[in-house]
Amino acid sequence: MAEPIDEYFTATVSAMAASPRKRADDQPVRDDTSLTTRVCLALFDVALGSRHLDLAARWLRAQGKGYYTIGSSGHEGNAAVAAALRPTDPALLHYRSGGFFLARAAAVGGRDPLRDVLLGMVASVDEPMAGGRHKVFGRDDLNIIPQTSTIASHLPRAVGVAFSIARAKKLGVACPWPDDALAVCSFGDASVNHSTAVGAINTAMHSAYQGVPMPLLFVCEDNGIGISVKTPRGWIEHTYGNRDGLRYLDADGCDVAATFDAAAEAASWVRTHRRPAFLHLRMVRLMGHAGSDYEPAYRRPEEITTDFDRDPVLRTAELLVNQGALTPTEVVERYEAKRANVIELAGEVGDLPQLDSASAVMKPLKDILEEAVAAYPASLAAAVRSGDPDAPLTLALAINRALHDILDRYPEAMIFGEDVARKGGVYGVTRGLLGKTSSARVFDTLLDEQAILGLALGAGLSGLLPIPEIQYLAYFHNAADQIRGEGATLQFFSDRQYRNPMVVRVAGYGYQKGFGGHFHNDDSIAAIRDIPGVVIASPARPDDAAAMLHTCAAAAKEAGAVCVFLEPIALYHTRDLYDDGDDGWLAAYPTEGVPIGRARTYGEGADLTILTFGNGLRMSLRVAHRLETLGIGVRVVDLRWLAPLPVTDMVREASATARVLIVDETRATGGVGEGVLAELLEHGYTGAVERVASRDSFIPLGDAALDVLLSEDTIEAAAIKLAGGRA
Ligand SMILES: Cc1ncc(C[n+]2csc(CCOP(=O)(O)OP(=O)(O)O)c2C)c(N)n1
Ligand SMILES: [Mg+2]
């Protein structure tokens, strides 16, 4: 079915009168603009390409060959934003910024971007960014970082990229963006209300307010609607038009010349002042939200058709005709020539191969983990030692020392989060790090977990090695999408061309005696455990913690891995294991590295194998100690890595006794134990198995916490029952 906007364009242009004037190509295309006719013609060509891609998307869909029909129609003016920037300015784009993508590609040359966008629509393996995994605007040599479908989730990352331009230079770290680059991110008018966007804009302003360089251009592509919900008239201007610390510029985004001028002014201001600006472009949305969207269900017919006259492709054509740069006939010829070009390409790509197996789909994930496993430092003897190598350390001190060493080992490493710098962390884990290095590498952030993780996402992309801290596990959930949707997916959706290495330290788990209630004793990691490709370290002992932190840093650095490092708060300052004063939970700094996916076994008991981690390790060792006096021989296995699980070690140690007790301090439902049980059974373990876990509850305040958290008594009773007549 012909699109009304398609027919309207041809009919309207055909009815125009040719102008007797003829502007020189290098003259402004209109008296009130700095946009030259030459550039305007180039932008018109880009706009035609973008429009015909949208039409081709529907054509492909109608034939059952295309999978993506969200288009850029009505937003083609964003091509002028690209023209006002430099191709070396990192860009994180709205899904309607097709004009921007094509304009930058045209400026840089190389691959045919029209074909590439079509390859994305048909999920072809030949698509150069995602390789058939998604339809994205992204290309490495264009410095366009691919986005996800989650609106606004790229904005915290954009803040991180903008922040990192100057920070990388300050640290002498090679950065993919030039010193005078600015970062640009675009988004819709509904998206700007998302807390992720609001938080990112706030973070940018908060940074700039303190004089931290923040060369970030926010571009709001305001078409007045989000799917079917109208943005209140004037809302964007009302909200962002007058914010101290955020330069506001606006333009009619349907007028390519006005858009170019405003974008050029905004870019020049951001580049010079290294402060954030907000460019508000008023646009229209043509052809609905997506191919599947039936617009008349929520918009009156005249509302839809009124926008036809604001169509930026039509308006650009009109401008070029009025100035004598093209005749109406030439416009229509170009329009039809572009259609023919795009449809021909679309016809070519429709039957190209798609990903055809799970292994093909998952290759980036497999490669990340393989490289991550290979990356650990086998010996830590050469690590720069920041203290007496033989001194017994608590868990907190061991992590602290490892962080010192990692700062020495990796000049690109940065440690940041709430309270990590001056205070040295709520539990003192990062104490003294600031004094050892500069505030450029160890710093306090504002109180916003999305911003902390977004900073890490952008910093990792920019050559830095971010080690953000989330103060409590409960508050990871507050910002989980920055890892689940953004961090963990980047290598997958860019076929590993973009990486955001990081080690996210998260203080968590229960058993803080007499302190905190649920939000300081959260025992659920279900929201992390199922994320493909993410490495989860869960150390319990001081020596393991230090070695595993080194491993995570290496995995992040070498494989670009996203590593989550779970620190059991209750063990931070624990000294004893069996008896008061035995110092059994202290350990010297490790000399050997710990590979990802390798467990550690304590004892050789032949009657029972306990598989556990975190606080469960200490509780299990204590239980095992008591069972020994009853004549029950127990071996206790610390899993250490919760993703990937140490399956080989688990099965071997389980089979050695054929009686397995899984000791899991996380919740029974969705807890780690479920995965351990499944892996054992799927990998050939045939013996007896029992599982004890914490209850499916939130953690109450005070001693009542012990009623729902897994206890030593429960472990002991289950162990004795399972070991049966051995006692
Ligand atoms: C976090 C999130 N919630 C919901 C959606 C579903 N969704 C996709 S686009 C969209 C509307 C966005 O409107 P706007 O920001 O104005 O952009 P436009 O499509 O108008 O250019 C919604 C709700 C999403 N992608 N992400
Ligand atoms: Mg909108």
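Higher on the page you've got the structure.
Residues numbered from 1 in each chain as written. Chains lettered and ligands numbered in written order. Predicted model: local features only at pLDDT ≥ 70, side-chain atom pairs only at ≥ 80, totals over all residues. Heavy atoms only, no water.

> Can you explain the overall build of the protein chain? Please cite residues and give values.
Counting its secondary structure elements, the protein chain contains 26 helices and 20 strands. Relative to a compact globule of 727 residues, whose C-alpha radius of gyration would be 27 Å, the protein chain shows 29 Å and is just as compact. Each principal axis of the C-alpha distribution contributes one length, and for the protein chain these read about 105 × 55 × 45 Å. Within the protein chain, counting contacts between residues at least 6 apart in sequence, those at least 24 apart form 79% of the total. Accessible surface for the protein chain amounts to roughly 26,600 Å². Of this, 52% is attributable to carbon and sulfur atoms. (Helix = DSSP H or I, 4+ residues; strand = E, 2+ residues; numbered from the N terminus. Rg over C-alpha atoms; globule rule 2.2 N^0.38 Å. Contact = heavy atoms within 4.5 Å. Areas by Shrake-Rupley, 256 points an atom, 1.4 Å probe, with all protein chains shown as cover.)

> Give me the coordination of the magnesium ion (ligand 2): which residues, what numbers.
Bound to the magnesium ion (ligand 2) on the protein side are Asp189 (OD), Asn223 (OD1) and Ile225 (O), at distances that span 2.0 to 2.1 Å. Ordering the donors of the magnesium ion (ligand 2) by residue number gives the pattern D-x33-N-x1-I. Ile225 shares its class with Asn223; the two are buried. (Donors = N, O, S within 2.8 Å, 3.2 Å for Na, K, Ca; no water. Buried < 20%, exposed > 50% of the residue type's maximum accessible area, 1.4 Å probe, protein only.)

> Can you explain the sheet that holds strand β9 (residues 413-417)? Please cite residues and give values.
Taken together, seven strands build an open sheet; the order of strands is β10-β9-β11-β12-β14-β13-β18 and the sheet is mixed. What marks the edges here is a single partner per strand, and that holds for β10 (442-444) and β18 (641-643). The sheet shows a mean angle of 20° between the axes of neighbouring strands, taken without regard to direction. Pairing of strand β13 (residues 535-537) with strand β14 (residues 562-568) involves three bridges; the strand directions are parallel. The residue of β14 that forms the bridge with Ile536 is Val564. (Pairing = 2+ DSSP bridges. Axes fitted to C-alpha atoms, helices over the stretch in contact; angles between N-to-C directions.)

> Residues and numbers for the packing of aromatic side chains, please.
Summed over the entire model, instances satisfying the criterion amount to 14 aromatic pairs. For the ring pair Phe9 and Tyr335, a centre distance of 4.2 Å and an interplane angle of 25° mean the geometry is stacked. Of this pair, Phe9 sits in helix α1 (residues 4-14) while Tyr335 sits in helix α12 (residues 328-349), placing them 326 residues apart in sequence. Judged by centre distance (6.0 Å) and plane angle (80°), the rings of Tyr427 and Tyr472 are edge-to-face. Linking Tyr427 in the loop between β9 and α15 (433-436) with Tyr472 in the loop between β11 (465-470) and α17 (473-476), this pair joins segments that are 45 residues apart in sequence. The structure contains a cluster of three or more aromatic residues connected by ring pairs, namely Phe187, Phe218, Tyr240, Tyr248 and Phe278. (Phe/Tyr/Trp six-rings, centres within 6.5 Å; stacked < 30°, edge-to-face > 60°.)

> Any details on the environment of Gly138? Residues and values, ideally.
Considering the arrangement of structural elements, one finds Gly138 in the loop between α5 (113-121) and β2 (144-145). C-alpha separation for the pair Gly138 and Leu93, spaced 45 residues apart in sequence, amounts to 8.5 Å. If sequence neighbours within four positions are ignored, Gly138 has contacts with Phe101, Met129, Ile144 and Pro146.

> With reference to specific residues and values, describe the site of ligand 1.
As a structural note, the neighbourhood of ligand 1 is formed by 17 residues, with His94, Tyr95, Arg96, Ser149 and Ser191 the closest of them. One of the side-chain nitrogen or oxygen atoms of Ser191 is found 2.4 Å away from an oxygen atom of ligand 1. Isolated, ligand 1 exposes 580 Å² of accessible area, and the fraction of that covered by the protein chains is 74%. For the shell around ligand 1, a count of residues per class yields five nonpolar, ten polar and two charged. (Near = heavy atom within 4 Å. Polar contact = N/O pair within 3.5 Å; in protein donor to acceptor, adjacent residues only side chain to side chain. Nonpolar A, V, L, I, M, F, W, Y, C, P; charged D, E, K, R; others polar.)

> I'd like a description of the pairing of strand β12 (residues 502-508), backed by residues and values.
The side chains of a regular strand alternate between both faces of the sheet. In terms of burial, β12 is a largely internal element, seven of the seven residues being buried. Residue alternation in β12 divides its side chains into two sets, Met502, Val504, Val506 and Gly508 and Val503, Arg505 and Ala507, and both sets are buried. When β11 meets β12, the two strands line up parallel, connected through two bridges. Along β12, the bridge assignment pairs Glu469 with Arg505. Alignment of β12 against β14, held across seven bridges, turns out to be parallel. If you follow Arg505 over to β14, its bridge partner there is Phe565.

> Could you give me a rundown of α1, with the residues and numbers involved?
By the burial criterion, the buried members of α1 are Ile5, Asp6, Phe9 and Val13. Each buried residue of α1 lies within a common arc of 110° when the element is viewed along its axis, so the set occupies one face. Close packing links the buried residues of α1 with α2 (37-62), α11 (312-322) and α12. (Arc of directions from axis to C-beta.)

> Help me get a handle on the nonpolar core, residues and values and all.
Residues Leu216, Phe218, Phe278, Ile528, Leu566, Leu642 and Leu680 are the most contacted members of the largest nonpolar core, which totals 88 residues. No other element matches helix α6 (residues 155-170), which puts eight residues into this core. Ignoring any residue separated from it by four or fewer positions in sequence, one finds Phe278 in contact with Phe187, Val192, Ile201, Phe218, Cys220, Ile236, Tyr240, Leu246, Arg247, Tyr248 and Leu249. Grouped together as the second largest cluster of nonpolar side chains are 80 residues, Val13, Ala105, Val184 and Val331 included. (Core = buried A, V, L, I, M, F, W, Y, C linked by side-chain atoms within 4.5 Å.)

> Mind laying out the pattern of salt bridges, listing which residues take part and the relevant values?
Scanning the entire structure with this criterion turns up 50 salt bridges. The shortest N-O distance in the salt bridge between Glu716 and Arg626 comes to 2.8 Å. With Glu716 in helix α26 (residues 712-723) and Arg626 in helix α22 (residues 615-629), the pair connects residues that are 90 residues apart, well separated along the chain. We classify Arg626 as partly exposed; its relative accessible area is 29%. (Salt bridge = Lys/Arg side-chain N within 4 Å of Asp/Glu carboxyl O.)

> Tell me about the state of the cysteines, and name the residues and values.
All told, the structure shown has zero disulfides when counted by the stated rule. Cys175 takes part in no disulfide bond, and the closest cysteine sulfur to it belongs to Cys185, at a distance of 17 Å. Residue classification places Cys185 among the buried positions, given a relative accessible area of 0%. (Disulfide = S-S within 2.5 Å.)

> Pulling in residues and values, what's your account of the side chain of Thr316?
Among the secondary structure elements, Thr316 is positioned in helix α11. On the basis of relative accessibility, which here comes to 4%, the residue Thr316 falls in the buried class. Polar side-chain contacts of Thr316 include one of 2.6 Å to the backbone oxygen of Pro312. In contact with Thr316, not counting residues within four places along its chain, are Cys40, Phe44 and Val256.

> Before we move on, can you summarise helix α16 (residues 449-461) with the specific residues and values?
For α16, with 13 residues, the first-to-last C-alpha span of 19 Å sits near the 18 Å given by 1.5 Å per residue. Most of α16 sits out of view: 13 of its 13 residues are buried. A distance of 3.0 Å separates the backbone nitrogen of Gln450 from a side-chain oxygen at the start of α16, and that oxygen is part of Asp448. (Expected span 1.5 Å × (residues − 1).)

> How would you explain unusual backbone geometry if you had to name every residue and give the values?
Here the residue pair Ala643 and Pro644 is connected by a cis peptide bond, since its omega of -10° sits within 30 degrees of zero. Summarising the element assignment, Pro644 is placed in the loop between β18 and α23 (647-657). In this structure, Asp495 is a non-glycine residue whose phi angle is positive, near 50°. Here Asp495 lies in the loop between α19 (490-493) and β12. A relative accessible area of 36% places Asp495 in the partly exposed class. The residue Arg496 is not glycine, and still its phi comes out positive at about 70°. By secondary structure assignment, the location of Arg496 is in the loop between α19 and β12. Residue class for Arg496 comes out buried when judged on its relative accessible area of 12%.

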